[in-house]
Amino acid sequence: MKLIVDFANLDRIKEMYAYYPIDGVTTNPSILAKEGKNPYEVLKAIRKFIGKDAELHVQVVSKDAESMVREAHKIQQELGPSTYVKVPVSREGLKAIKALAAEGTNITATAVYTQMQAYLAGKAGASYAAPYVNRIDNIGADGIKVAKDIHDIFKKNDLKTEVLAASFKNSQQVLELAKYGVGAATVAPDVIEGLIKLDAVDCAIKAFTKDFEKLCGEGKTMLDC
Ligand code: G3P
């Protein structure tokens, strides 16, 4: 499972890349709005930092298919041809996905709440489909089950589309999908940080340090022996 960071603040993205094994960056209009700057300015800086071939996902906001396709062309022109264009899986979105797939565009089908949306997006040629795990839970359904079902539907129907699960609020949700081996999870920085937050680990490390200092002196490490 690839681990992608769902954020647009460059300093925070840099920090996440420094500490964690991150495979790319996803954004959406709400995430970009938090930066309060021209979206291309923000996205170009992210692209420059992650490199021209790294995964960067950027969403269209147009309402009709033809405008979505034009918007996708502009996104790829500004941010490079490897950029994944996120298209919401509505009726118009599916039409745009079909047209963009025919041109060979990398597409992430987004705003996925149901298995059937993902199946249709996969058939239409999307590279990824993004079920919103926590938002699905919040409407009384089972986000993990939807994501797992979508993974199975892709495999059983010989579709090359992968799950890019999104909208996580806790470590358990990420763990469940890692165990299932879905293609990717895109996770906000705070939730990624939570994946390794454990008092028991801190205590174990402190005890090792204390024992070593008893042996070699305060502040000493293997460098000093
Ligand atoms: O981009 C879609 C997804 O990341 C949304 O996450 O946390 O707003 O539900 P969230």
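Everything quoted here is computed from the prediction, not taken from an experiment.

**So, the overall build of the chain**
Broken down by element type, the chain carries 11 helices and eight strands. The principal-axis extents of the C-alpha atoms in the chain amount to approximately 70 × 35 × 30 Å. A buried classification covers 45% of the 225 residues belonging to the chain. Of all intrachain contacts in the chain linking residues separated by at least 6 positions in sequence, the fraction that spans at least 24 positions is 57%.

**A look at the site of the ligand**
Around the ligand, the structure places Asp6, Asn28, Lys86, Tyr132, Arg135, Ala166, Ser167 and Lys169. One of the side-chain N or O atoms of Lys86 is found 3.3 Å from an oxygen atom in the ligand. When isolated, the ligand has an accessible area of 310 Å², and the protein chains bury 81% of it. In terms of residue class, the shell around the ligand is made up of two nonpolar, two polar and four charged.

**What about the environment of Lys169?**
Its place among the elements puts Lys169 in the loop between β7 (162–165) and α9 (171–180). Distance in space between the C-alpha atoms of Lys169 and Val133 is 8.6 Å, their sequence separation being 36 residues.

**Focus on the sheet that holds strand β6 (residues 128–131)**
Read around the closed barrel, the eight strands follow the order β1-β2-β3-β4-β5-β6-β7-β8; overall the barrel is parallel. The mean angle between the axes of side-by-side strands here comes to 25 degrees, regardless of whether they run parallel or antiparallel. When β7 meets strand β8 (residues 184–187), the two strands line up parallel, connected through two bridges. Of the residues in β8, the one forming a bridge with Ala165 is Ala185.

**Let's talk about the packing of helix α6 (residues 115–124) against helix α8 (residues 143–156)**
The geometry of α6 relative to α8 is characterised by a closest axis approach of 9 Å and an angle of 30 degrees between their N-to-C directions. With respect to α8, the element α6 is oriented roughly parallel. Taken as a pair, α6 and α8 cross one another with a handedness that is right-handed. Along the contact surface, α6 presents Gln115, Ala118, Tyr119 and Gly122, while α8 presents Val146, Asp149, Ile150, Ile153 and Phe154. Split into classes, the residues belonging to the contact of α6 with α8 amount to six nonpolar, two polar and one charged.

**Notes on the nonpolar core**
Core analysis: the largest hydrophobic core is formed by 57 residues, its most contacted members being Ile46, Val87, Ile97, Phe168, Leu177, Val187 and Ile192. Ranked by residue count, the leading element in this core is helix α4 (residues 65–79), at six residues. When neighbours within four sequence positions are excluded, Phe168 is seen to be in contact with Val133, Asn134, Gln173, Val174, Leu177, Ala185, Thr186, Val187 and Val191. Core analysis: the second largest hydrophobic core is formed by five residues, Ile4, Tyr84, Tyr128 and Leu164 among them.

**Overview of the packing of aromatic side chains**
Scanning all chains against the criterion turns up three aromatic pairs. An angle of 45 degrees between the planes, with centres 5.5 Å apart, marks the rings of Tyr84 and Tyr128 as tilted. Of the two residues, Tyr84 sits in strand β4 (residues 84–88) while Tyr128 sits in strand β6, which places them 44 residues apart along the sequence.

**Considerations on α4**
Helix length check: α4 (15 residues) gives 21 Å between terminal C-alpha atoms against 21 Å at 1.5 Å per residue, within 8%. Burial in α4 covers these residues: Ala65, Ser67, Met68, Val69, Glu71, Ala72, Ile75, Gln76 and Leu79. Those residues of α4 hidden inside the fold are in contact with α3 (39–50), β3 (55–59), β4 and α5 (91–102). Count one or two residues on from α4 and you reach Gly80, which has phi positive near 100 degrees.

**Here we look at a nonpolar patch on the surface**
Judged by side-chain polarity, Leu198, Val201 and Ile205 come together as a nonpolar surface patch covering roughly 270 Å² of accessible area. Locating Val201 in the fold gives a position in helix α11 (residues 199–216). Looking at Val201, the relative accessible area reads 38%, which means it is partly exposed.

Calculation criteria
Residues numbered from 1 in each chain as written. Predicted model: local features only at pLDDT ≥ 70, side-chain atom pairs only at ≥ 80, totals over all residues. Heavy atoms only, no water. Helix = DSSP H or I, 4+ residues; strand = E, 2+ residues; numbered from the N terminus. Buried < 20%, exposed > 50% of the residue type's maximum accessible area, 1.4 Å probe, protein only. Contact = heavy atoms within 4.5 Å. Near = heavy atom within 4 Å. Polar contact = N/O pair within 3.5 Å; in protein donor to acceptor, adjacent residues only side chain to side chain. Areas by Shrake-Rupley, 256 points an atom, 1.4 Å probe, with all protein chains shown as cover. Nonpolar A, V, L, I, M, F, W, Y, C, P; charged D, E, K, R; others polar. Pairing = 2+ DSSP bridges. Axes fitted to C-alpha atoms, helices over the stretch in contact; angles between N-to-C directions. Parallel < 35°, antiparallel > 145°, perpendicular 65-115°, else oblique. Left-handed = near helix turned anticlockwise from the far one by under 90°. Core = buried A, V, L, I, M, F, W, Y, C linked by side-chain atoms within 4.5 Å. Phe/Tyr/Trp six-rings, centres within 6.5 Å; stacked < 30°, edge-to-face > 60°. Expected span 1.5 Å × (residues − 1). Patch = residues over 30% accessible without salt bridge, like charges linked within 9 Å, V, L, I, M, F, W, Y side chains within 5 Å. Salt bridge = Lys/Arg side-chain N within 4 Å of Asp/Glu carboxyl O.

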